[in-house]
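# Working through the structure, step by step
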Amino acid sequence: MILLKKNNLPIGVFDSGLGGLTVVCELSRILPNESIIYFGDTGRVPYGVRSKETIIRYSSQDISFLKSLNVKTIVAACGTVSSVAAQTLDDLDVLTGVVRPTALAASRLTKNGKIGVIGTKATIKSRAYSRQLKIIDEKLSIFEKSCPLFVPLVENGVTSPEDPVVLEIVRRYLIDFKKHGIDTLILGCTHYPILKDAISKIMGKNINLIDSGRETALFVANTLEKSSLLANDSSKAKYSFFVSDEIESFKFEADKFLKWNVPYSLEKVNVQ
Ligand code: DGL
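So, here is what we can say about the structure in this document. The written sequence of each chain sets the order in which its residues are numbered from 1. With the structure being a predicted model, the display of local features is reserved for residues of pLDDT at least 70 and the display and counting of side-chain atom pairs for 80 or more, all residues being used for whole-chain, interface and lining totals. With hydrogens and water stripped out, all remaining heavy atoms of the structure feed into the side-chain values.

To continue, consider the packing of helix α5 (residues 99-109) against helix α7 (residues 128-136). Helix axes are fitted to C-alpha atoms over the stretch in contact, other axes to C-alpha atoms as well, and angles between N-to-C directions run from 0 to 180 degrees. The helix and strand labels rest on DSSP assignments: H or I over at least four residues marks a helix, E over at least two residues marks a strand, and numbering proceeds from the N terminus. The contact between α5 and α7 brings their axes to 9 Å, and the two run at 55°. Classified by the angle between their axes, α5 and α7 sit oblique to one another. In the crossing of α5 with α7, the sense of the turn from one axis to the other is right-handed. On α7, the residues that touch V99, R100, T102, A103, L104, A106 and S107 of α5 are A128, Y129, Q132, L133 and I136. Residues of the contact of α5 with α7, tallied by class, amount to 8 nonpolar, 3 polar and 1 charged. Should an angle lie under 35 degrees it is considered roughly parallel, over 145 roughly antiparallel, and from 65 to 115 roughly perpendicular; all remaining angles are considered oblique. For a crossing to be left-handed, the near helix must be turned anticlockwise from the far one by less than a right angle; the clockwise case is right-handed. Residue contacts follow a heavy-atom distance rule, with two residues in contact if any of their heavy atoms lie within 4.5 Å. Throughout this entry, Asp, Glu, Lys and Arg are counted as charged residues, while Ala, Val, Leu, Ile, Met, Phe, Trp, Tyr, Cys and Pro are counted as nonpolar. The remaining residues, Gly among them, count as polar.

In structure tokens:
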């Protein structure tokens, strides 16, 4: 891992769309002096239904784009990229993906050793979370399920825990986890924390929901601190967002989700 030793440079964060904002949001709370450049590949979302080759190609282009903006480090805020293109992330010196920080948090919280994992089709097919959890503790029992309708729901702003359509979709995907008796559920796609209230309504309050966005942000904060790479306390954070499709719909959904009154710039770019 190579990190440039220039503390006030921005952190680069990317995802296929809105989901990585769950990382940005937490980062901005934990590290209020850090500037962030975010790229959401809204023109090509979803990644989670695509082949490994395509996911590797897209993520390499996303990373090159962020590198061209002179960021101090890069975070892959996408469960799919982190699961399917882990080697590419290492090869291109990305600081972290979401799988390891999220798996570590789940292994710390489970009491009965039964952990559920939900993610995109590509993430679940890769078994990256299972592998990581077994590396951490081989006695864990892991149950995995892909939830392909969750990303389109989030990208279209259909996330209310009061909406019967949302609740029915969540219920259908998650019902089996109740039979398995899990006590911890990994939200293995960074879009899914946006559905957290609906998921919690269906799973019940006693199940730990592990937010991949939050755990990744905590891991990044820790790593930057240990490497003395945090921005100075006097540094004023600046947020620059880029997307690969229409800016208006992204802005509408991002504002709804971020609930920020922090100014950010937003531009459309072509990273291909
Ligand atoms: N936020 C993503 C993830 O964490 C991407 C989902 C998708 O584009 O399918 O997996």
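Further notes follow.
Here a residue is near a molecule or strand as soon as one of its heavy atoms is found within 4 Å of it. Close to the ligand lie 14 residues, the nearest being S16, Y47, G79, T80 and H191. Residues adjacent in sequence count toward polar contacts only when both atoms are side-chain atoms; beyond that, a polar contact is any pair of N or O atoms within 3.5 Å, and within protein one must be able to donate a hydrogen and the other to accept it. A distance of 2.7 Å separates an oxygen atom of the ligand from a polar backbone atom of Y47. Reported accessibility uses the Shrake-Rupley method at a 1.4 Å probe radius. Residues are deemed covered only where the shown protein chains occlude them. Contact with the protein chains covers 99% of the free accessible surface of the ligand, which is 290 Å². One can see that the ligand is located within the largest cavity. In this analysis a 1.4 Å probe is tested at points of a 1 Å grid over the protein atoms alone, and where it fits but cannot get out there is a cavity; an open set with protein on both sides within 12 Å along at least five of seven lines is a pocket; lining residues have an atom within 4 Å of a point. By definition, a pocket or cavity contains a molecule when more than half of the molecule's atoms lie within 2 Å of the pocket's grid points.

The subject of this paragraph is the packing of helix α1 (residues 21-30) against helix α11 (residues 212-226). Helix-helix packing is described using two parameters, namely the angle between the two axes and the distance between the axes. Packing of α1 against α11 leaves a shortest axis separation of 8 Å and a crossing angle of 45°. Put simply, α1 runs oblique to α11. Crossing of α1 over α11 shows right-handed handedness. Seen from α1, the contacting residues are T22, V23, E26, L27 and I30; seen from α11, they are G213, R214, T216, A217, L218, V220 and A221. Here the contact of α1 with α11 is composed, by residue class, of 7 nonpolar, 3 polar and 2 charged.

A water-sized probe, rolled over the atoms, reveals where empty space remains. Grid points are joined across faces, edges and corners, and a volume is the space filled by probe spheres set on the points. Under the counting rule described, the total for this entry stands at 1 cavity of 30 Å³ or more. Space inside the largest cavity adds up to approximately 50 Å³. Partitioned by chemical class, the residues of the lining of the largest cavity number 6 nonpolar, 5 polar and 1 charged.

Chemically, a disulfide is nothing more than a covalent bond linking the sulfur atoms of two cysteines. Disulfide: a pair of cysteine sulfur atoms within 2.5 Å of each other. Tallied over the entire structure, the rule returns 0 disulfides. Here C25 stays free of any disulfide, with the sulfur of C189 as its closest cysteine sulfur at 16 Å. We note that C147 lacks a disulfide partner, and the nearest cysteine sulfur, in C189, lies 9.1 Å from it.

All right, on to the environment of R108 then. Residue placement: R108 occurs in helix α5. A relative accessible area of 62% means that R108 is categorised as exposed. Sequence spacing of R108 and A198 is 90 residues, and the spatial spacing of their C-alpha atoms is 24 Å. Whether a residue is buried, partly exposed or exposed follows from its accessible area with a 1.4 Å probe, protein chains only, as a fraction of its type maximum: under 20%, in between, or over 50%, in that order.

A few words on the layout of surface pockets. Each pocket or cavity is described by its volume, and for the largest pocket that value is around 500 Å³. Lining the largest pocket are 21 residues, with P193, I194, D197, F257 and K259 positioned closest to its centre. Taken together, the elements giving at least two residues each to the lining of the largest pocket come down to α1, α10 (196-203) and α12 (247-258). Split into classes, the residues belonging to the lining of the largest pocket amount to 8 nonpolar, 4 polar and 9 charged. As a volume, the second largest pocket reaches approximately 380 Å³. Every residue lining the second largest pocket is counted, 20 residues in all, and those nearest its centre are S82, A86, D90, G97 and R100. Counting residues per element, the ones that place at least two in the lining of the second largest pocket are α3 (79-84), α4 (86-91), α5 and α7. The greatest single-element share of the lining of the second largest pocket, amounting to 4 residues, is contributed by α7. In terms of residue class, the lining of the second largest pocket is made up of 11 nonpolar, 5 polar and 4 charged.

These values are about where atoms sit, not about what they do.
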